Amino acid sequence: MNGTDKLFLLLFGAGAFWVLSMLCASVQDFSLQRFCSYLIRIDETGNWQAGSLLQGLFTTLRVSFWCLVLAFVSGFFVGIVSAHKRGLASLPSRLYVLVLRNMPPLILLFLVFFFASSLLTDLLMNIEYSLAKSSWKAWFYFFVAPEGQLDRMVACVLTLGLYEGAYIAEIVRAGIESVPYGQWETGRASGLTTWQIRRYIVIPQTLRQSLAPLAGQSISIIKDSAIASIISLQELTFQSMELMNVTGRTVELWILTALLYYCLCLFLEKISQKWERSIQWKPLH
């Protein structure tokens, strides 16, 4: 270990000690029972109930899942269609990417929520009213949207799904265009159609090359889902703000919230790393 490494460790240790001392000073009456009650609590009948933060985490998972589905569907479609396109043929996909990538997601969320969602208000209300009388009500509220939150869920999924899809489209397009053109010619010489070349030759290589940035974009979707709190969707960040206003426990609440986001993103990262190792090229012996 050289002098630079020792200096870095010394500064890092001093910074960590300062942060911990500030946290201890801010949370003088820390209670583990109160801390855990934000996640799981016991109601008046003695049954275990999900706490506010755990309920918010479930909503964050729902939002992130549907955003991921829309982002990957739109991103892969635009990326595949726009690959190797030039001129007017690439104009629709380029407009999609340029407009969405260069617009703040918060502004886009406001536009979708106050404009696009207003056009779908009657439709969404009819859907929720019909489901309220059906046997699918509990499943719908569990997997799709909490009760009374369908319009906010749709606005958030449309916003983040299309916004992140623009980044995924560029990742996919770059991955496809990185495959040497000679492999296309080899596929045609073998009698394969254009779709078969994409399916059996190009897309598998694109996935191998693009898995790491795609995993990073997936993690970004989970973190960006916090902007849904602005339109009062009861996800993790919104529940943290509500609890903070009620209890006044600012530091410990946001530490717990940060840990929940961290664990969620770390779990997804580990899955992507395992998947990446499983599809790596294996040397021939």
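Quantities reported herein were computed from a predicted structural model and do not represent experimental measurements.

### Focus: the overall build of the protein
No. 1: When helices and strands are tallied, the protein shows 12 helices and two strands.
No. 2: When the helices and strands of the protein are listed from N to C terminus, the series reads α-α-β-β-α-α-α-α-α-α-α-α-α-α.
No. 3: When burial is assessed residue by residue, the protein has 36% of its 285 residues classed as buried.
No. 4: Here the contacts in the protein between residues at least 6 apart in sequence split such that 73% fall between residues at least 24 apart.
No. 5: Total accessible area on the protein stands at roughly 17,300 Å², and carbon and sulfur atoms take up 68% of it.

### Focus: the pattern of salt bridges
No. 1: Overall, the coordinates contain four salt bridges when judged by the stated rule.
No. 2: Between Arg94 and Glu170 there is a salt bridge, with its nearest N and O atoms 3.1 Å apart. In this pair, Arg94 sits in helix α4 (residues 91-101) while Glu170 sits in helix α8 (residues 150-177), placing the two residues 76 residues apart along the sequence.
No. 3: On the basis of relative accessible area, Arg94 is assigned to the partly exposed category, the value being 28%.

### Let's talk about the packing of helix α3 (residues 52-82) against helix α11 (residues 236-247)
No. 1: Between α3 and α11, the least distance of the axes is 7 Å, while the angle of their chain directions is 160°. What the angle tells us is that α3 and α11 run roughly antiparallel. The element α3 and its partner α11 pack so that their crossing is right-handed. Residues Ser52, Leu53, Gln55, Gly56, Leu57 and Thr60 of α3 pack against Leu236, Gln239, Ser240 and Leu243 of α11.
No. 2: Taken together, the residues that form the contact of α3 with α11 break down as four nonpolar, six polar and no charged.

### Notes on unusual backbone geometry
No. 1: Its identity as a non-glycine residue notwithstanding, Ser232 has a phi of 65°, on the positive side.
No. 2: Relative to the elements of secondary structure, Ser232 occurs in the loop between α10 (194-224) and α11.
No. 3: Given the relative accessible area of 31%, Ser232 is considered partly exposed.

### A look at the side chain of Glu235
No. 1: Residue position: Glu235 is located in the loop between α10 and α11.
No. 2: Arg152 is the oppositely charged side chain nearest to the buried, salt-bridge-free Glu235, at an N-O distance of 11 Å.
No. 3: Of note is the side chain of Glu235, whose polar atom sits 3.3 Å from the side chain of Tyr261.
No. 4: Those residues in contact with Glu235 that sit more than four places away from it in its chain are Gly56, Thr59, Thr60, Ser225, Ala226, Ala228, Ser229 and Tyr261.

### Here's the deal with the confidence of the model for the protein
No. 1: Per-residue pLDDT for the protein averages 80, and the proportion of residues at 70 or more is 84%.
No. 2: Ranking the elements of the protein by mean pLDDT puts helix α1 (residues 3-26) last, at 64, and α3 first, at 90.

### Remarks on helix α12 (residues 250-278)
No. 1: An ideal rise of 1.5 Å per residue puts 42 Å on 29 residues; α12 measures up with 42 Å between its terminal C-alpha atoms.
No. 2: Buried residues of α12: Glu252, Leu253, Leu256, Thr257, Leu260, Tyr261, Leu264, Cys265 and Ser272, and no others.

### Quick look at the packing of aromatic side chains
No. 1: Enumeration over the complete set of coordinates arrives at five aromatic pairs.
No. 2: On the basis of an interplanar angle of 70° and a centroid distance of 5.0 Å, the ring pair of Phe113 and Phe114 is categorised as edge-to-face.
No. 3: Its relative accessible area of 56% is what places Phe114 among the exposed residues.
No. 4: Among the aromatic residues, those joined into a ring-pair cluster are Phe110, Phe113 and Phe114.

### Observations concerning the packing of helix α9 (residues 181-189) against α10
No. 1: Look at α9 against α10: their axes get within 10 Å of each other, and the N-to-C directions meet at 140°. In terms of their interaxial angle, α9 and α10 are classed as oblique. Every pair of crossing elements has a handedness; the one defined by α9 and α10 is right-handed. Counted together, Gln183, Trp184, Gly187 and Arg188 of α9 and Thr194, Ile197, Arg198, Ile201, Val202 and Gln205 of α10 form the full contact between these two elements.

### A look at the side chain of Thr159
No. 1: Mapped onto the fold, Thr159 is located in helix α8.
No. 2: Overall, the relative accessible area of 1% leaves Thr159 in the buried class.
No. 3: When sequence neighbours within four positions are dropped, the list of residues in contact with Thr159 reads Pro105, Leu108, Leu109 and Val112.

Calculation rules
Residues numbered from 1 in each chain as written. Predicted model: local features only at pLDDT ≥ 70, side-chain atom pairs only at ≥ 80, totals over all residues. Heavy atoms only, no water. Helix = DSSP H or I, 4+ residues; strand = E, 2+ residues; numbered from the N terminus. Buried < 20%, exposed > 50% of the residue type's maximum accessible area, 1.4 Å probe, protein only. Contact = heavy atoms within 4.5 Å. Areas by Shrake-Rupley, 256 points an atom, 1.4 Å probe, with all protein chains shown as cover. Salt bridge = Lys/Arg side-chain N within 4 Å of Asp/Glu carboxyl O. Axes fitted to C-alpha atoms, helices over the stretch in contact; angles between N-to-C directions. Parallel < 35°, antiparallel > 145°, perpendicular 65-115°, else oblique. Left-handed = near helix turned anticlockwise from the far one by under 90°. Nonpolar A, V, L, I, M, F, W, Y, C, P; charged D, E, K, R; others polar. Lys, Arg positive; Asp, Glu negative; His and termini not counted. Polar contact = N/O pair within 3.5 Å; in protein donor to acceptor, adjacent residues only side chain to side chain. pLDDT = per-residue confidence, 0-100. Expected span 1.5 Å × (residues − 1). Phe/Tyr/Trp six-rings, centres within 6.5 Å; stacked < 30°, edge-to-face > 60°.

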